[in-house]
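Inside the fold
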Amino acid sequence: MTKTAAIIGGGVIGGGWAARFLLNGWDVRVFDPDPQAERKIAEVLGNARGALPMLYDTALPEEGTLSFHGSIAEAVEGADWVQESVSERLDLKHKVLAEIQTANAGVLIGSSTSGFKPSELQEGAQDPSTIMVTHPFNPVYLLPLIELVPSEATAPEAIARASEMLIALGLYPLHVRKEIDAHIADRFLEAVWREALWLVKDGIATTEEIDNAIRYGFGIRWAQMGLFETYRVAGGEAGMRHFMAQFGPCLKWPWTKLMDVPEFTDELVDLIADQSDAQSGHLSIRELERKRDRNLIAMMRALRQQGNASGRLINDHQKAIRPAPVASEDGRALRSQRRMVPVDWTDVNGHMNEGRYGQIFSDAAEEVMAHVGADDAYVQAGNSYFTVETTVKYLAETHAGEMVEVWSRVTEGAGKKLRCLHEMRRASDGEILATCDQFMLHVSLETRRTCDPLPEVQTRVEALAAAHKE
Ligand SMILES: NC(=O)C1=CN([C@@H]2O[C@H](COP(=O)(O)OP(=O)(O)OC[C@H]3O[C@@H](n4cnc5c(N)ncnc54)[C@H](O)[C@@H]3O)[C@@H](O)[C@H]2O)C=CC1
Ligand SMILES: C[N+](C)(C)CC(=O)CC(=O)[O-]
């Protein structure tokens, strides 16, 4: 049954949550008194629709239904989960949480708060046991980290259910075992921000130079190994102990101003805002968001290839959501691929590069193989199919952001031979974009020579070839 999330507060973060839930097949009910909320969420959702599906090599679940409501009580009706994302004011959060619990007693509530502890949110609550912090990172529809912070009053069962739900949404719940102001990650972000403000105020660096210091160096490093693993490597063969001995004393040198916050005078605000305008003012916020999203997608897809960090999470999530191939209505083809063309698949001509057609048809062939029983376990046991010939015809241009489907027919399936005709179509209008005639031979991975498939695979290949006959 379709699950329902209520989003209370549909600003930057509420909009991102709405997109994450909707694109994972949940229905979403929103309450936000801002008359612009509907427009803003539509814009965030537009960006998210063109971004999140690109992380995967398979289609996401069917998008849920979005609705807007005139009150908190109406929005949370029947909800399985409520995500509170109103402005960062404790009195407002208390009022909103009370209204939610009055209207839907027992519903699980996550708060997006960046700074408040769950015990602060629970003060005066009718039922503290269902309240916790689920602190996301912007853009919520792409970044997987959620700091899941309970207090002692949060029920263990509520935490377990929240964790399960977040994983099913492709998120990474980082369990913060001891509540603290600003949780874990925002404490780093604030420390770095404070230093950066001083560097600008003291005329050491501009906003752009500081961004360059991050994006050309440690920012890329952090995205794949974080802080401690990076420093372990930096310690050389002697590892972390050597690193600490060498650089630990520097922390006592007057390098940092971590505890001091520069005065937010009009002069400092103007200085930073003017430099930021000079740096990025030629792009609208939505354009900047799209640029950010495309960069994030390209980096996270690269990490997928290595099976590390956020890339590993996406690989795991994809395994959980990947649908089995669907037979066409007449039973004469299998839908072996349905996916969005990602940004990193295009070339200088602004369309999908020919090498990527090889990738998608190869993925399609693997689905066909899995369908006939030549799946991962079969391959690990020492049998497989090798491609010996392909003929690809490029019939129309394919662009990043387009949903495409591959329909595969087994045109020959006798003995060692397996031949497929794959047709790649644009999902929106069914136009055939490319075809691939692919000839494979069954091999023993031990001898590396051709051999007959195991009988159960042979039977299924023959059955499919008979069903797909013209
Ligand atoms: N912006 C960011 O980078 C991040 C923000 N957060 C947290 O998310 C929460 C929301 O922040 P943003 O989305 O950035 O703020 P925002 O200002 O973009 O959105 C807040 C929304 O709450 C709505 N609102 C105000 N009173 C309301 C009420 N009584 N009922 C329903 N909606 C109401 C406002 O109309 C506004 O649309 C805060 O707790 C913040 O700390 C968490 C992670 C990152
Ligand atoms: C600025 N902020 C404290 C609201 C930021 C966050 O909470 C997380 C983020 O997305 O950087």
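Residue positions are given per chain, counted from 1 along the sequence in the order it is written. Lettering of chains starts at A and numbering of ligands starts at 1, both following the order in which they are written. Where local features are concerned, this predicted model is filtered to residues with pLDDT of at least 70; where side-chain atom pairs are given and counted, the filter is 80 or more; whole-chain, interface and lining totals use all residues. Only heavy atoms go into the side-chain values, all of them from the structure, while hydrogens and water stay out.

1. Notes on the layout of surface pockets
Definitions used for this entry: grid spacing 1 Å over protein atoms alone; cavity, a set of points where a 1.4 Å probe fits but cannot get out; pocket, an open set with protein on both sides within 12 Å along at least 5 of 7 lines; lining residue, one with an atom within 4 Å of a point. Grid points are joined across faces, edges and corners, and a volume is the space filled by probe spheres set on the points. Counted as a void, the second largest pocket has a volume near 980 Å³. Elements represented by at least two residues in the lining of the second largest pocket include exactly helix H12 (285-306), helix H13 (309-321), helix H14 (354-371) and helix H15 (376-380). Under the DSSP-based scheme used, a helix requires at least four consecutive residues in state H or I and a strand at least two consecutive residues in state E, with every element numbered from the N terminus. If one sorts the elements of the lining of the second largest pocket by residue count, H14 sits on top with 8 residues. Charged residues are taken to be Asp, Glu, Lys and Arg, nonpolar residues to be Ala, Val, Leu, Ile, Met, Phe, Trp, Tyr, Cys and Pro, and polar residues to be all remaining types, Gly included. Among the residues making up the lining of the second largest pocket, the classes are represented as 9 nonpolar, 7 polar and 13 charged.

2. Points about the packing of helix H7 (residues 185-201) against helix H11 (residues 266-280)
Two numbers describe how H7 lies on H11: the axes approach to 10 Å, and their chain directions differ by 95 degrees. On the basis of the axis angle, H7 is roughly perpendicular to H11. Contacts from Leu197, Val200 and Lys201 of H7 reach H11 at Leu268, Leu271, Ile272 and Gln275. The residue makeup of the contact of H7 with H11, split by class, is 5 nonpolar, 1 polar and 1 charged. A fitted line through C-alpha atoms represents every axis, and for helices the fit uses only the stretch in contact; the resulting angles, taken between N-to-C directions, go from 0 to 180 degrees. Under this scheme an angle from 65 to 115 degrees is roughly perpendicular, one under 35 degrees roughly parallel, and one over 145 degrees roughly antiparallel; angles in between are oblique. For this analysis, residues touch if any pair of their heavy atoms sits within 4.5 Å.

3. Quick notes on H12
What a helix is expected to span follows from its residue count: subtract one and scale by 1.5 Å. Along its 22 residues, H12 runs 32 Å from first to last C-alpha, staying within 8% of the 32 Å computed at 1.5 Å per residue. Buried means the residue's accessible area, taken with a 1.4 Å probe over protein chains only, is under 20% of the maximum for its type, while exposed means over 50%, and partly exposed covers the values in between. Along H12, the residues that are buried comprise Glu289, Asp293, Leu296, Ile297, Met300, Arg301, Leu303 and Arg304. Down the axis of H12, the buried set is contained in an arc of 155 degrees. They therefore lie on one face. Within H12, the exposed residues directed more than 90 degrees away from the buried face are Gln305 and Gln306. Buried residues belonging to H12 abut helix H2 (37-49), helix H8 (207-225), H13 and strand E10 (334-340). Of the residues trailing H12, Gly307 is marked for its positive phi of about 65 degrees. By definition, the arc is the one covered by directions from the helix axis to the C-beta atoms.

4. Regarding the site of ligand 1
Of all residues adjacent to ligand 1, which total 21 residues, the nearest are Ile13, Asp32, Glu88, Lys93 and Ser114. Here a polar contact is recorded for every N or O atom pair within 3.5 Å, except that within protein the pair must consist of a potential hydrogen donor and a potential acceptor, and residues adjacent in sequence are included only if both atoms are side-chain atoms. Between Asp32 and ligand 1, the recorded distance is 2.6 Å, taken from a side-chain N or O atom to an oxygen atom. With respect to ligand 1, the side chain of Glu88 contributes an N or O atom lying 2.6 Å from an oxygen atom. We get accessible surface area from the Shrake-Rupley algorithm with a probe of 1.4 Å; when it comes to residues, only the shown protein chains can shield them. Protein burial of ligand 1: of its 830 Å² of free accessible surface, 75% is covered by the chains. Of all the secondary-structure elements, those providing two or more residues to the shell around ligand 1 are helix H1 (12-23) and helix H4 (90-103). With 3 residues, the single largest contributor to the shell around ligand 1 is H4. Throughout this document, a residue counts as near a molecule or strand when at least one of its heavy atoms sits within 4 Å of that molecule or strand.

5. Looking at the site of ligand 2
Around ligand 2 sit Ser114, His135, Pro136, Phe137, Asn138, Asp186 and Leu189, and that is every residue in its neighbourhood. In this structure, Ser114 approaches ligand 2 through a side-chain N or O atom, which is 2.9 Å from an oxygen atom. Contact between ligand 2 and Asp186: an oxygen atom at 2.7 Å from a side-chain N or O atom of the residue. About the coverage of ligand 2: the protein hides 55% of its 320 Å² of free accessible area. Among the residues making up the shell around ligand 2, the classes are represented as 3 nonpolar, 3 polar and 1 charged.

6. Quick word on unusual backbone geometry
In this model, Asn138 is joined to Pro139 through a cis peptide bond whose omega is 5 degrees. As for its placement among the helices and strands, Pro139 is situated in the loop between strand E6 (131-135) and strand E7 (145-149). Of note, the phi angle at His183 is positive, near 55 degrees, even though the residue is not glycine. Of note, His183 is situated in the loop between strand E8 (172-175) and H7. Phi at Arg448 takes a positive value of approximately 60 degrees, unusual for a residue other than glycine. Positionally, Arg448 belongs in the loop between strand E14 (432-444) and helix H16 (455-467).

7. With respect to the UniProt feature "domain: 3-hydroxyacyl-CoA dehydrogenase C-terminal" (unreviewed entry) in the chain
UniProt positions are given in the numbering used here, feature names are shortened, and annotations may be inferred rather than shown by experiment. In the numbering adopted here, UniProt assigns the feature "domain: 3-hydroxyacyl-CoA dehydrogenase C-terminal" (unreviewed entry) to residues 184-249. Secondary structure content for residues 184-249 is 79% helix and 0% strand, and the end C-alpha separation is 24 Å.

8. A look at the pattern of salt bridges
By convention in these notes, a salt bridge is any Lys or Arg side-chain nitrogen within 4 Å of a carboxyl oxygen on Asp or Glu. Under the definition given, this model contains 29 salt bridges. We note a salt bridge from Lys40 to Asp34, for which the minimum N-O separation is 3.0 Å. Owing to a relative accessible area of 32%, Lys40 belongs among the partly exposed residues under this scheme. Between Glu63 and Arg49 there is a salt bridge; the shortest N-O distance is 2.8 Å. A residue pair is termed long-range when its members are at least 10 positions apart, and Glu63 in the loop between H2 and strand E3 (66-68) and Arg49 in helix H2 qualify at 14 residues. By relative accessible area, Arg49 is classed as partly exposed at 38%. What you see here is one network of salt bridges that share partners, running through Asp57, Arg301, Arg304, Arg339 and Asp344.

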